[in-house]
Amino acid sequence: MLKLQGEDEAAQLAPRRARVPVPRPTAPDVSPSSARLGLACLLLLLLLTLPARVDTSWWYIGALGARVICDNIPGLVSRQRQLCQRYPDIMRSVGEGAREWIRECQHQFRHHRWNCTTLDRDHTVFGRAMLRSSREAAFVYAISSAGVVHAITRACSQGELSVCSCDPYTRGRHHDQRGDFDWGGCSDNIHYGVRFAKAFVDAKEKRLKDARALMNLHNNRCGRTAVRRFLKLECKCHGVSGSCTLRTCWRALSDFRRTGDYLRRRYDGAVQVTATQDGANFTAARQGYRHATRTDLVYFDNSPDYCVLDKAAGSLGTAGRVCSKTSKGTDGCEIMCCGRGYDTTRVTRVTQCECKFHWCCAVRCKECRNTVDVHTCKAPKKAEWLDQT
Amino acid sequence: MWVAWSARTAALALLLGALHGAPTRGQEYDYYGWQAEPLHGRSYSKPPQCLDIPADLPLCHTVGYKRMRLPNLLEHESLAEVKQQASSWLPLLAKRCHSDTQVFLCSLFAPVCLDRPIYPCRSLCEAARAGCAPLMEAYGFPWPEMLHCHKFPLDNDLCIAVQFGHLPATAPPVTKICAQCEMEHSADGLMEQMCSSDFVVKMRIKEIKIDNGDRKLIGAQKKKKLLKAGPLKRKDTKKLVLHMKNGASCPCPQLDNLTGSFLVMGRKVEGQLLLTAVYRWDKKNKEMKFAVKFMFSYPCSLYYPFFYGAAEPH
């Protein structure tokens, strides 16, 4: 049985609305008789999703660049706005961090139908995709939370923030399997990053005490914990003549890619759950399903297939996406294009090649021209009918 | 259809969950050296900058290019750090143990500033190590970890290969004198040697034995005076045995005749006493007299070189 930290807070949560997963066929049927059925399902979905919650989020902070003005972010709740106004330099780091975790999300899903595309000038950032309590929403909440931890911790170490600096408690003499060393340099202050990220990111979910908020709180914490897993020891040898008899070591964050890779694996193994009656915990969604642990991502609803443009479901479709003719994975044309076929375009690319270093001192390269075929997914037929919806 | 799809999803989730259920936990260590990523160490460190090699970085000021990259390829982050760590290597350069020693060391300490970092090739490292490691070992210093050759890329078009090592020798090869037997003549030079040695002793030598590649000097029981004790205890001086590392097959004029006393300097390394310098004791030598008398008044530098020796070939 999963219990969130802070039982007082969890006890106050109560499910406002029970969500029922809507089954979707794996191959969409566009015959006229099914069109009416699809329309009915669409209307039902709209009814289920529309009143769920406010759809804006603090994620929009990444779009504002250096001009982080707290009142310009429509998705902030009052607690977040207070933190924003009080710590403007931290908000700048959070904004830069947002661009990084979105880029990481798009890297992790670059070969998938849903590829973490953001919508320009849209306050929701991801459109309606995040309204569904799907596996994809679980990943985005986790990686956004991780991104905030990473951005703040890094800014602390680089001296960009006045309220924090290097970890003040990591000092003195210590040892590892290679021998003794002194703590020195600048150990990353991940404790501060985690505490601030929790206060800022979780603020909204603690006001909306429903099952979806519980899911978000869980996935946010998964993201924060993931960054801590990749804190490593870095050392410098500065004994006589570079020997390792004298070492100075510090703790450092790993590249954010490692956190992204880890959360992607958690996404692949995410656990479908439902909220318990008292709304304080999760239980397995079906008999025989695995129970969620504190390191699992959790979700309630199955995902759409993301094949066609479906604004209500937050699906952009795969028309025009680049695919691989030879791959049998999710980036292969058969899967990416949902069986609709693909177009081929011939493209010539100019790259540097055969680079050589010459003493002393220059790197000289040649220019190579490569002609490659680029395959893109066809648009679905009967596009006119879909546009009418 | 729905049930089958759901069952497959559940099975996949279970399998993936099992695979990732117990991820490996372990502390990781990053020791600096060549890495595959263009940026190593902190991925979010400040971008590298390009600056003139300063005149007070004598290790690299004459290397052949004028601008260097900072942080360098040894992760030194400031010029002060580069200068401090590079100063240890000047005496090795002066020994001319390999014609590409400077190219190799400076490719790491003061790497050339281009649009990408250029590392020394493994063959350049191995050539420099082959030429210089025996000399360093003679003074009790192993080839340092930060210069281990496996850290550097196998030879390719984008690394620095051997540059001058292929040229024929400018002079006919002669048997080099043992490193420990090269002599300083000034009081300052002697005191520098005393700084870099752990102990200094005036003693007589009973006999010399050959032990693998080393020479072993067996001290006589009598007429022994500890001038600088360092790590030596009283019991250590009872029976002094000094090792001349890699000294078995090189000439040492001072030791051709064992009569009389010797001024001996050495280091204690892992319980073994290594000879770093040996002189015939000469009471008429004013420079030696001055050095012995004022040894402890000499301002030894904080990061003294691991050895101090004459640069001129004999």
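Residues numbered from 1 in each chain as written. Chains lettered and ligands numbered in written order. Predicted model: local features only at pLDDT ≥ 70, side-chain atom pairs only at ≥ 80, totals over all residues. Heavy atoms only, no water.

1. Some words on the overall build of chain A
For chain A, the helix and strand inventory stands at 11 helices and 12 strands. Counting contacts in chain A only where the partners sit at least 6 residues apart, residues at least 24 apart contribute 67% of the total. Entry remark: accessible area of chain A is about 19300 Å², with carbon and sulfur atoms responsible for 51%. (Helix = DSSP H or I, 4+ residues; strand = E, 2+ residues; numbered from the N terminus. Contact = heavy atoms within 4.5 Å. Areas by Shrake-Rupley, 256 points an atom, 1.4 Å probe, with all protein chains shown as cover.)

2. Observations concerning the UniProt feature "disulfide bond" in chain B
All names here are of chain B. A sulfur-sulfur distance of 2.1 Å is found for the UniProt-listed cysteine pair Cys-97 and Cys-132, consistent with formation of the disulfide (criterion: under 2.5 Å). Of this pair, Cys-97 sits in the loop between helix H3 (90-95) and helix H4 (101-109) while Cys-132 sits in helix H5 (residues 122-138), placing them 35 residues apart in sequence. Here the two residues Cys-97 and Cys-132 agree in accessibility, since each one is buried. Look at Cys-125 and Cys-149: UniProt has them disulfide-bonded, and their sulfurs are 2.2 Å apart, which fits a closed bridge. (Disulfide = S-S within 2.5 Å. UniProt positions renumbered as here; feature names shortened; annotations may be inferred. Buried < 20%, exposed > 50% of the residue type's maximum accessible area, 1.4 Å probe, protein only.)

3. So, the state of the cysteines
Under the criterion given, the structure shown has 18 disulfides over all chains. Cys-360 of chain A shares a disulfide with Cys-361 of chain A; S-S distance 2.1 Å. When the S-S torsion is -80°, as for the bridge of Cys-360 of chain A with Cys-361 of chain A, the disulfide is left-handed. On the accessibility criterion, Cys-360 of chain A (32% relative accessible area) is partly exposed. Between the sulfur atoms of Cys-181 of chain B and its disulfide mate Cys-252 of chain B the distance is 2.1 Å. Looking down the S-S bond of the Cys-181 of chain B and Cys-252 of chain B bridge, the torsion is -95°, so its handedness is left-handed. Note that Cys-181 of chain B is positioned in the loop between strand S5 (159-160) and helix H6 (187-196) and Cys-252 of chain B in the loop between strand S9 (241-244) and strand S10 (261-269), a separation of 71 residues in sequence. Taking relative accessible area as the criterion, Cys-252 of chain B reaches 3% and is therefore assigned buried.

4. Comments concerning the UniProt feature "glycosylation site" in chain A
Residue and element names in this part refer to chain A. According to UniProt, the feature "glycosylation site" maps to Asn-115 and Asn-281 in the numbering used here. Secondary-structure assignment places Asn-115 in the loop between helix H4 (88-108) and helix H5 (135-157). Summarising the element assignment, Asn-281 is placed in the loop between strand S5 (271-275) and strand S6 (282-284).

5. Remarks on the sheet that holds strand S11 (residues 342-358) of chain A
Two pairing modes exist for strands in a sheet, parallel and antiparallel, and in both the strands are linked by backbone hydrogen bonds. Residues and elements named next belong to chain A. Taken together, the 3 strands give an open sheet; going across it, the order is S10-S12-S11, and neighbouring strands pair in antiparallel fashion. Unpaired on one side and paired on the other, strand S10 (322-323) and S11 mark the two borders of the sheet. Of the pairings in the sheet, the one linking S10 to strand S12 (residues 362-377) comprises 2 bridges and is antiparallel in character. The residue of S12 that forms the bridge with Val-322 is Thr-376. (Pairing = 2+ DSSP bridges.)

6. What to know about the packing of aromatic side chains
Within this structure, the stated rule accounts for 20 aromatic pairs over all chains. Seen from their ring centres, Tyr-87 of chain A and Phe-196 of chain A are 5.7 Å apart, and the 85° between their planes marks the pair as edge-to-face. On the criterion of sequence distance, the pair formed by Tyr-87 of chain A in the loop between helix H3 (78-86) and H4 and Phe-196 of chain A in helix H6 (residues 190-201) is long-range, its members being 109 residues apart. Its relative accessible area of 18% is what places Tyr-87 of chain A among the buried residues. Using a relative accessible area of 6% as the deciding quantity, one classes Phe-196 of chain A as buried. Taken together, a centroid distance of 6.3 Å and an interplanar angle of 15° make the contact between Phe-104 of chain B and Trp-143 of chain B stacked. Here Phe-104 of chain B is found in helix H4, whereas its partner Trp-143 of chain B is found in the loop between H5 and S5, with 39 residues between them in sequence. Of the residues examined, Phe-104 of chain B reaches a relative accessible area of 1% and is grouped as buried. (Phe/Tyr/Trp six-rings, centres within 6.5 Å; stacked < 30°, edge-to-face > 60°.)

7. Looking at the pattern of salt bridges
Residues and elements named next belong to chain A. Taken as a whole and judged by the stated rule, the model has 19 salt bridges over all chains. Among the ionic pairs, Arg-154 bridges to Glu-100, the shortest N-O distance being 2.8 Å. One end of the pair, Arg-154, is in helix H5; the other, Glu-100, is in helix H4, with 54 residues separating them in the sequence. A single burial state applies to Arg-154 and to Glu-100, both of which are buried. (Salt bridge = Lys/Arg side-chain N within 4 Å of Asp/Glu carboxyl O.)

8. Describing the pairing of strand S7 (residues 214-219) of chain B
Residues and elements named next belong to chain B. Judged by how many residues are buried, S7 sits mostly within the fold: 5 of 6 residues are covered. Judged from the 6 bridges that link them, strand S6 (residues 199-211) and S7 form a sheet pairing that is antiparallel. Bridge assignment links Ile-210 to a residue of S7, and that residue is Arg-215. With antiparallel pairing between neighbouring strands as the criterion, S6 and S7 make up a hairpin whose turn holds 2 residues, including Asn-212 at a positive phi of roughly 55°.

9. Focus on the sheet that holds strand S7 (residues 298-299) of chain A
Residue and element names in this part refer to chain A. Spatial ordering of the open sheet is given by S6-S5-S7, a layout of 3 strands whose pairing is mixed. Only two strands of the sheet have a single partner each, and these edge strands are S6 and S7. Here S5 pairs with S7 via 2 bridges, running parallel. Bridging across to S7, Gln-272 finds its partner in Tyr-299.

10. Focus on the nonpolar core
For soluble globular proteins, nonpolar side chains are generally found buried alongside one another. Ranked by internal contacts, the top residues of the largest apolar core, which has 70 residues, are Trp-58 and Trp-101 of chain A. Counting residues per element, the ones that place at least two in this core are H3, H4, H5, H6, helix H8 (211-229), helix H9 (256-268), S5 and S7 of chain A. Per-element tally for this core: the top contributor is H5 of chain A, with 13 residues. Core analysis: the next-biggest nonpolar cluster, separate from the first, contains 49 residues, Ala-86, Leu-93, Phe-104 and Leu-124 of chain B among them. (Core = buried A, V, L, I, M, F, W, Y, C linked by side-chain atoms within 4.5 Å.)

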